[in-house]
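Understanding the architecture of this molecule
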Amino acid sequence: MRAAVINYIGEGFSIEELEVDEPRGQEVLVKVEAAGLCHSDHIVATVDRGRPLPMVVGHEMAGTVIALGPEATDFEVGDHVIATEISFCGSCEECVNGATYRCLNPQHALRGPDTPARLTRNGERVEGFGVAGFAEYTVLHQNKLVRVPKEIPFAQAAVLGCATATGVGAVLNAAKVSPGETVAVIGLGGIGLNVIQGAKLAGAKTIIGIDLQPEKLELAKKFGATHVINGGTEDVVSAIRAITGRGVHHSFEAIGIAPTQRQALEVAKTGGHVYFIGIPQGKPLEMNIMLDLLIPQRNLHGIYMGSSTVRNDIPYYAELYLQGRLNLDDLVAQEIQLDEINEAYAKQETGSIARSVIRF
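Described in the following lines is the structure provided in the data block.

Procedures and definitions
Residues numbered from 1 in each chain as written. Predicted model: local features only at pLDDT ≥ 70, side-chain atom pairs only at ≥ 80, totals over all residues. Heavy atoms only, no water. Pairing = 2+ DSSP bridges. Helix = DSSP H or I, 4+ residues; strand = E, 2+ residues; numbered from the N terminus. Axes fitted to C-alpha atoms, helices over the stretch in contact; angles between N-to-C directions. Phe/Tyr/Trp six-rings, centres within 6.5 Å; stacked < 30°, edge-to-face > 60°. Buried < 20%, exposed > 50% of the residue type's maximum accessible area, 1.4 Å probe, protein only. 1 Å grid on protein atoms, 1.4 Å probe; cavity = no way out; pocket = protein on both sides within 12 Å on 5 of 7 lines; lining within 4 Å. Points joined across faces, edges and corners; volume = space filled by probe spheres on them. Nonpolar A, V, L, I, M, F, W, Y, C, P; charged D, E, K, R; others polar. Right-handed = clockwise from strand over helix to strand, strands pointing away. Contact = heavy atoms within 4.5 Å. Polar contact = N/O pair within 3.5 Å; in protein donor to acceptor, adjacent residues only side chain to side chain.

Attention shifts here to the sheet that holds strand β17 (residues 299-302). In any sheet, the strands associate via hydrogen bonds between backbone groups, in a parallel or an antiparallel arrangement. An order of β14-β13-β12-β15-β16-β17 is seen for the six strands of this open sheet, with the pairing classed as parallel. Each having just a single partner strand, β14 (227-230) and β17 make up the two edges of the open sheet. Across the sheet, the mean angle separating the axes of adjacent strands is 15° when strand polarity is ignored. Relative to strand β13 (residues 206-211), strand β12 (residues 182-186) is paired through five bridges, and the arrangement is parallel. When the sheet's bridge partners are listed, V185 is paired in β13 with G209.

Right, dumping it as structure tokens:
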């Protein structure tokens, strides 16, 4: 099969022929139909954090089940599925309590060191990071998959697994935004736009989108933003206080850099909540605990994958899409071929478009 392989950090993706193993145990073999280009996969490809290479990434994926391991019982051949970054064992304390996104044994979904590799190149082991969705086929533990209705196009189904689960989930699961509350979202990529529409679903009164790109600001209005602010030409903190009076109940930072994390802190009102969603990049944020948290009594939260219980949340979001209540169509900016992955990431990383999706 063909796959986009990272051989060297910072040198992009190489389209190569790999071998994929048969599904074993509770694994499932999936023909990948669509894979979203999430920013976090680009970080893996460009920032050296000591991960072994060569590697195939891609964690926002939709496909068709074509084979089952002998112990896989959750799916049938022909099912349409999406994959998620969340790995769970189903039996640890957190999983039993319903918090599968905090599983204490996520390696349960991986193969052991004495087991044949899922991906190889001429007999050489190739690592699969996330769900290894930047390939024509992938083998995954059944716990990393969720069945979705066949009526949903594969490109739209793919973004359910990360952008939607993370963004909408941050609002509904973690923040539990209430009707009439106020929300600010800094960074209007795939995840930030989903935070916007999650706030709309929750009934937020005021939903403020902040970005540097005019195209993203216009797009945010389609997803439910009541106000937009260009962070390159306006003072974000002053503008939000002018709109809300004291700041917002909930501020979400979906970029991962210290300057915008600082803005997210400062726009939250006294007693407000601040949520960091973006994968951290660059210098860490410095805080004055007394002035930033204690005196204003702000609450700071780190959120992973929208605190999603994916087997419950993804089918719910899928149904909302089919009802016309969740916008996935405008999230998919363009559909591309696997060979175009480097060019598409270069365009997406400029911030001018929301999400590119590879169609196989």
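So, next bit.
Here a ring pair, both rings aromatic, is described through the centre-centre distance and the interplanar angle of the planes. Inspection of the entire model under this criterion finds five aromatic pairs. Aromatic side chains F13 and F134 sit 5.9 Å apart centroid to centroid with 80° between the ring planes, which places their arrangement in the edge-to-face category. Residue F13 is found in the loop between β1 (2-5) and β2 (14-17), and its partner F134 is found in the loop between β9 (124-128) and β10 (137-141); the two are separated by 121 residues along the sequence. Residue F13 shares its accessibility class with F134, and that shared class is buried. Among the aromatic side chains, those forming a connected cluster through ring pairs are F13, F134 and Y345.

What the rule picks out here adds up to one cavity of 30 Å³ or more. Of the pockets and cavities examined, the largest cavity occupies roughly 40 Å³. Lining the largest cavity are I6, I9, V44, V47, D48, R49, G50, R51, L53 and M55. Among the residues forming the lining of the largest cavity, the class breakdown is six nonpolar, one polar and three charged.

As judged from the four bridges shared by strand β16 (residues 268-276) and β17, these two strands associate in the parallel manner. Counted as the bridge partner of H273 is N299 from β17. Between the parallel pair β16 and β17, the chain is carried across by helix α8 (residues 289-294), and the sense of this crossover is right-handed.

Here the focus is the sheet that holds β9. A sheet is described by the order of its strands in space; here four strands give the open sequence β3-β8-β9-β5, paired in mixed fashion. Either end of the sheet is taken by a strand with one partner, and the two such strands are β3 (19-20) and β5 (55-56).

Cis geometry is found at the peptide bond from L53 to P54, where omega equals 0°. Within the secondary structure, P54 sits in the loop between α1 (39-46) and β5. The backbone of K176 shows a phi angle near 50°, a positive value even though the residue is not glycine.

What follows concerns helix α7 (residues 258-267). Among all positions in α7, only A258, T260, Q261, A264, L265 and V267 are buried. Where α7 is buried, its residues touch β12, α6 (236-244), β15 (248-253), β16 and α8.

Moving on: the side chain of N143. Mapped onto the fold, N143 is located in the loop between β10 and β11 (145-147). A relative accessible area of 8% places N143 in the buried class. Reaching out from N143, the side chain makes a polar contact with the backbone oxygen of F88 at a distance of 2.8 Å. Excluding its chain neighbours within four sequence positions, the residues that come into contact with N143 are D74, I86, F88, C89, H108 and R311.

This next bit is on the layout of surface pockets. Taken as a whole, the largest pocket encloses approximately 1100 Å³ of empty space. Looking at the largest pocket, it is lined by 47 residues, and the ones nearest its centre are H39, A254, I255, G278 and Q281. Elements that contribute at least two residues to the lining of the largest pocket include exactly α1, α3 (154-175), α4 (190-202), β13 and α7. Ranked by residues supplied to the lining of the largest pocket, first place goes to α1 with five residues. Class assignment of the residues belonging to the lining of the largest pocket gives a composition of 22 nonpolar, 17 polar and eight charged. Reported here for the second largest pocket is a volume of approximately 550 Å³. Lining the second largest pocket are 28 residues, with L110, R118, G128, F129 and G130 positioned closest to its centre. Secondary structure elements with two or more residues in the lining of the second largest pocket: β9 and β10. At four residues, the largest contribution of residues to the lining of the second largest pocket is made by β9. Considering only residue class, the lining of the second largest pocket consists of 15 nonpolar, six polar and seven charged.

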